[in-house]
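Coordinate analysis (summary)
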Amino acid sequence: MKMRKKPLAVLCLASLFLLAAVGGAFANPLQVPERIKAVMVGDRLVDVAMNLGVVPEGFSARASMWPQADSLKLSSQLLGCPMRVTIKKPETVGIFMKEHGITRLILEKSPKFCLYMKKADPINVANVVKNIPGLTIEYVDFSKGIPSAITEIARLLDKEAQGHELLASYEKNMEKTEKLIPASGLNKRVVVLNGKYSTATGKTFVRLEAPGGYSDQYILNPLGCTNVAGEMISDTMKLSKGHVSCSRLKGLIKANPDVIVMTGDAFAVQAALRKIIKNDPTVSEVPAIKNGAVFSLPFYGDSSVIEYPEIFRQWSVALQK
């Protein structure tokens, strides 16, 4: 038996080396982003910069709203959200810049930075770093639209060529997205459930996205769909950052959605749905569950601006099923 295993192991190992060699010859390797000596504040700003192949030494963004923050944290220091670095811990950015010898600060300027945190504004960081010697502050105005912001950021980062490519790609994707918007609307009743799973405790948590939030403004309204979460929200429920805790999914039968969208950790939402169906089998007659229209989709919080066309397209495909 030992004599048979050895040639087989050698053959498998050789095959792996061959596959690696072939893969290396034909695959396009991931490009390592350029790390610049600067601090950037604002998720839209940092999202565009990343897509241009540039990351700062430190950044401030709504990490919970911007999925790309997790990957960026591997190469750049997350200083907290703009609310934290301007109000809760206003010394954060200044201390980091002094410790790392950074004098360049790039700030996002958006008319309405966040729906859920009214006081959060990246440009306010300028008021808490005035004592840094040789400080240079640059602003990127997003009020003129994403295309203009891409061009402006590319110029600031000396990435004009990449900026032209990114702008062309973004505009092409947006054209495709606009074609997906139905003239008469889909007229679907939708409930958006955000899940979270705790690896430490094994517990699951579910939040219900209230009407008027990001999913409504950027996806459901353009598609002619209605967020019926209002029928599940009672006067005693506390609204926090556009969501309410709703682990037991009370009122799901009353809301009677055609589609249930799961954002965040889908497992947490699936566990909650399984539990409510087990306790009350009549929940199975809710159209979304009866017809299998329960989809795990990426949340869009107006942070991943370059990725928005792809995210919208995915929601559109799901809701038209």
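Just above sits the structure.
From a predicted model like this one, the values you see are computed outputs, not experimental measurements.

Rules used throughout
- Residues numbered from 1 in each chain as written.
- Predicted model: local features only at pLDDT ≥ 70, side-chain atom pairs only at ≥ 80, totals over all residues.
- Heavy atoms only, no water.
- Helix = DSSP H or I, 4+ residues; strand = E, 2+ residues; numbered from the N terminus.
- Buried < 20%, exposed > 50% of the residue type's maximum accessible area, 1.4 Å probe, protein only.
- Phe/Tyr/Trp six-rings, centres within 6.5 Å; stacked < 30°, edge-to-face > 60°.
- Polar contact = N/O pair within 3.5 Å; in protein donor to acceptor, adjacent residues only side chain to side chain.
- Contact = heavy atoms within 4.5 Å.
- Expected span 1.5 Å × (residues − 1).
- Core = buried A, V, L, I, M, F, W, Y, C linked by side-chain atoms within 4.5 Å.
- Salt bridge = Lys/Arg side-chain N within 4 Å of Asp/Glu carboxyl O.
- Pairing = 2+ DSSP bridges.
- Axes fitted to C-alpha atoms, helices over the stretch in contact; angles between N-to-C directions.
- Patch = residues over 30% accessible without salt bridge, like charges linked within 9 Å, V, L, I, M, F, W, Y side chains within 5 Å.
- Areas by Shrake-Rupley, 256 points an atom, 1.4 Å probe, with all protein chains shown as cover.
- Lys, Arg positive; Asp, Glu negative; His and termini not counted.
- Charge placed at Lys NZ, Arg CZ, Asp CG, Glu CD.

Secondary structure summary: the chain contains 12 helices and 11 strands in total. Referenced to the eigenvectors of the C-alpha coordinate spread, the extents of the chain come out at roughly 70 × 65 × 45 Å. Buried positions account for 45% of the 321 residues belonging to the chain.

Quick look at the packing of aromatic side chains now. For the coordinates displayed, the defined rule picks out 8 aromatic pairs. Consider the rings of Phe-59 and Trp-66, whose centres lie 6.3 Å apart with planes at 80°: the pair is edge-to-face. Exposure remark for Phe-59: the relative accessible area of 0% places this residue in the buried category. Judged by its relative accessible area of 0%, Trp-66 is buried. Taken together, Tyr-116, Tyr-214, Tyr-218, Tyr-300, Tyr-308 and Phe-312 form an aromatic cluster joined through their ring pairs.

This part is about the side chain of His-243. On the secondary structure map, His-243 appears in strand β9 (residues 243-245). The class for His-243 is buried, based on a relative accessible area of 5%. Here the side chain of His-243 touches Lys-241 through a polar contact of 2.9 Å, landing on its backbone oxygen. With residues near it in sequence (within four places) discarded, His-243 still touches Asn-194, Arg-207, Leu-208, Glu-209, Ala-210 and Lys-238.

The next subject is helix α12 (residues 308-319). With 12 residues, α12 ought to run about 16 Å at 1.5 Å a step, and its terminal C-alpha atoms sit 16 Å apart, in line with that. Three or more residues of α12 are buried, namely Tyr-308, Pro-309, Ile-311, Phe-312, Trp-315, Ser-316, Ala-318 and Leu-319. Against the buried residues of α12 lie α7 (160-179), β6 (189-197), α8 (214-220), β10 (259-264) and β11 (294-296).

Let us look at the nonpolar core. Counting 49 residues, the largest nonpolar core has Met-40, Val-48, Leu-157, Trp-315 and Leu-319 as the members making the most contacts within it. Excluding residues that lie within four positions of it along the chain, Val-48 makes contacts with Phe-142, Ile-150, Ile-153, Leu-166, Val-305 and Ile-306. Counting residues in each nonpolar core, the second largest holds 23 residues, with Leu-193, Leu-208, Ala-288 and Ile-289 among its members.

This part takes up the pattern of salt bridges. A complete count under the given rule lists 9 salt bridges for this structure. A salt bridge links Lys-37 to Glu-57; its shortest N-O distance comes to 3.4 Å. Pair noted here: Lys-37 is in strand β1 (residues 34-41) and Glu-57 is in strand β2 (residues 54-60), with a separation of 20 residues, a long-range link. For Lys-37, a relative accessible area of 45% corresponds to the partly exposed category. Take Glu-57: its relative accessible area is 12%, and that puts it in the buried class. With its nearest N and O atoms 2.9 Å apart, the salt bridge here joins Asp-302 to Arg-44. Of this pair, Asp-302 sits in the loop between β11 and α12 while Arg-44 sits in helix α2 (residues 43-51); the two residues are 258 residues apart in sequence, bridging distant segments of the chain. In terms of burial, Asp-302 and Arg-44 fall into one category: buried. If you follow the salt bridges from partner to partner, you end up with Arg-44, Glu-108 and Asp-302 in one network.

Whether parallel or antiparallel, the strands of a sheet pair through hydrogen bonds between backbone atoms. Spatial ordering of the open sheet is given by β3-β2-β1-β4-β5, a layout of 5 strands whose pairing is parallel. Of all the strands in the sheet, just β3 (77-78) and β5 (136-141) have a single pairing partner and so form its edges. With 6 bridges connecting them, β1 and β2 associate as parallel partners. Residue Arg-35 lies in a different strand from β2, and its bridge partner there is Val-55. In the packing of helix α6 (residues 146-156) onto the sheet, contacts are made with β4 (104-109) and β5, and the angle to β5 comes to roughly 155°.

Here Phe-142 shows up in the loop between β5 and α6. For the pair Phe-142 and Leu-45, spaced 97 residues apart in sequence, the C-alpha separation works out to 8.6 Å. If we ignore the near neighbours within four places in the chain, the residues touching Phe-142 are Arg-44, Leu-45, Val-48, Glu-108, Lys-109, Ser-110, Ala-149 and Ile-153.

Glancing now at a positive patch on the surface. Taken together, the side chains of Lys-88, Lys-196, Arg-207 and Lys-241 define a basic patch exposed on the protein surface. Counting through the fold element by element, Arg-207 comes out in strand β7 (residues 204-209). Accessibility expressed as a relative area gives 32% for Arg-207, which makes it partly exposed.

The subject of this paragraph is helix α5 (residues 92-99). Listing the buried residues of α5 in full gives Thr-92, Val-93, Gly-94, Phe-96 and Met-97. In the core, the buried residues of α5 are packed alongside β1, β2, β3, α4 (82-88) and β4. Looking one or two residues past α5, Gly-101 carries a phi angle of roughly 65°, positive in sign.

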